[in-house]
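# Notes for the structure review
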Amino acid sequence: MKNKQMVLATVIMVALRAPITSAQTSKPVGQAAPRFTEESTVVKTGKFKLPGKITLPLGDFKVPGLILVHGSGPHDEDETIGPNKTFKDIGEGLAARGVAVLRYEKRTHKYGATMTVDDISIDNEVVLDAVSAVKQLREHPRVDPKRVFVLGHSLGGTCVPLIAALDPEIAGIISLSGTPRSLLDLIDEQFEYLFNEDGKITAKEKKKLDELHTDTQLIREGRISEVKQPLLGAPNKYWAELHKLDVLTPAKKYNGLILILGGGRDYQVTRACFDAWSKGLEGKPNVTFKWYKTLNHLMMVGSDPPSPSDYMTAGHFSKRTLDDIAAWILSDGKKLAEKKIKASPKE
């Protein structure tokens, strides 16, 4: 494997670990010059105040709105990972295409230093602030309050049905690289993939994998006290909550629009996750599925076997995916609603 120590330090989705960040100065994705305006905002949930930005299409008419919900880990408002700024790309790209987008600093990024183990839960990390953001965007004078959508990436994409369950008036939800499967299963699969990236697993690596599998199984069985240390740096009771998370039930009950997006070069949230959504929501008429063969977990194009180095390579969110998301939102789900799941020809 290429630099396995770097892999273990940077790749896995961990609730409390700080992201690697760096500046990005390239032009907004999907346009040569800005075709949007941007304003600062603050998302408020009780005592928590999360700074953010709202990107708006040019003009003075009402438009659909979209909330962006982060993946695992403490993220800034741009969801900066290495040189890449996924949420900045989405916010600017969709605003240029006619959708108002609100993105905000994640609570664990703004307040992580003061949060205790007991503070870490899926509601406190993800759900409650997203619900607050939805209510806030509805009140914006440029936004049609009946057409506010939520897009979640990675863990956020897993949790969008939970957000909609607390606010069923949300017009639609988008799961981008999210999963209805247990995150403990994904941890096992990710580490097996990474340790075997060079085609072999050493005795030392096998020992680490065995220890990891033992810990994840103990958490599955509710034997948290027997796990000797926090799994991947996050509280074990948090992992137990994630393992028990049921997002398919609220997704089945939700009457708004649902868009499920996945990438063929995503080794963290794989085709098995995409297929689990498809099977779990089979026959539900308000759901659209879209699979992009050459896109990774950040929805960036690539051709080589996926690896953590993808995230350290400067790129942009797929223009094709931005076009698809905008078309789906602006048409209220009428576009992209093919029954057959297809791979895009170039992505």
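Numbering of residues begins from 1 in every chain and follows the order in which that chain's sequence is written. Totals for whole chains, interfaces and linings use all residues, but because this is a predicted model, local features are given only for residues with pLDDT of at least 70 and pairs of side-chain atoms are given and counted only at 80 or more. Only hydrogens and water are set aside when side-chain values are computed; all heavy atoms of the structure are taken into account.

### As for the side chain of H75
Turning to its location among the elements, H75 is positioned in the loop between β3 (63-69) and β4 (80-81). Each residue is placed in one exposure class: buried if its accessible area under a 1.4 Å probe, protein chains only, is under 20% of its type's maximum, exposed if it is over 50%, and partly exposed if it falls in between. Given the relative accessible area of 6%, H75 is considered buried. Here a polar contact is taken to be a pair of N or O atoms separated by no more than 3.5 Å, where protein atoms must pair a possible hydrogen donor with a possible acceptor and residues adjacent in sequence count only if both atoms sit in side chains. Among the polar contacts made by the side chain of H75, one reaches the main-chain carbonyl oxygen of S72 at a distance of 2.9 Å. Put simply, DSSP marks the helices as runs of H or I at least four residues long and the strands as runs of E at least two long, and each gets a number from the N terminus on.

### A few points about the pattern of salt bridges
Any carboxyl oxygen of Asp or Glu within 4 Å of a side-chain nitrogen of Lys or Arg constitutes a salt bridge here. Applying the stated criterion to the full structure yields 20 salt bridges. The partner of R181 in a salt bridge is E189, and the shortest N-O contact between them spans 2.5 Å. Looking at E189, the relative accessible area reads 31%, which means it is partly exposed. A salt bridge links E221 to R223; its shortest N-O distance comes to 2.6 Å. Owing to a relative accessible area of 43%, E221 belongs among the partly exposed residues under this scheme. Where salt bridges share partners, they join E38, D78 and R103 into one cluster.

### Digging into the packing of helix α2 (residues 86-95) against helix α11 (residues 319-330)
Two numbers describe a pair of packed helices, the interaxial angle and the distance between the axes. Under this scheme, a helix contributes an axis fitted over its contacting stretch, all axes are lines through C-alpha atoms, and angles between N-to-C directions fall in the 0 to 180 degree range. For the pair α2 and α11, interaxial distance at closest approach is 10 Å and the crossing angle is 55°. In terms of axis orientation, α2 runs oblique to α11. As for how α2 packs across α11, the hand of that crossing is right-handed. Residues D89, I90, G93 and L94 of α2 form the contact with α11, whose own contacting residues are L322, I325 and A326. Side-chain classes follow a simple rule in which Ala, Val, Leu, Ile, Met, Phe, Trp, Tyr, Cys and Pro form the nonpolar group, Asp, Glu, Lys and Arg form the charged group, and the remainder, Gly included, forms the polar group. For the contact of α2 with α11, a count of residues per class yields five nonpolar, one polar and one charged. Note on angle classes: values under 35 degrees are labelled roughly parallel, values over 145 roughly antiparallel, values of 65 to 115 roughly perpendicular, and the remainder oblique. Crossings are classed by handedness, with left-handed meaning an anticlockwise turn of the near helix from the far one by less than a right angle and right-handed meaning a clockwise turn. The criterion used for residue contact is that any of the two residues' heavy atoms lie within 4.5 Å.

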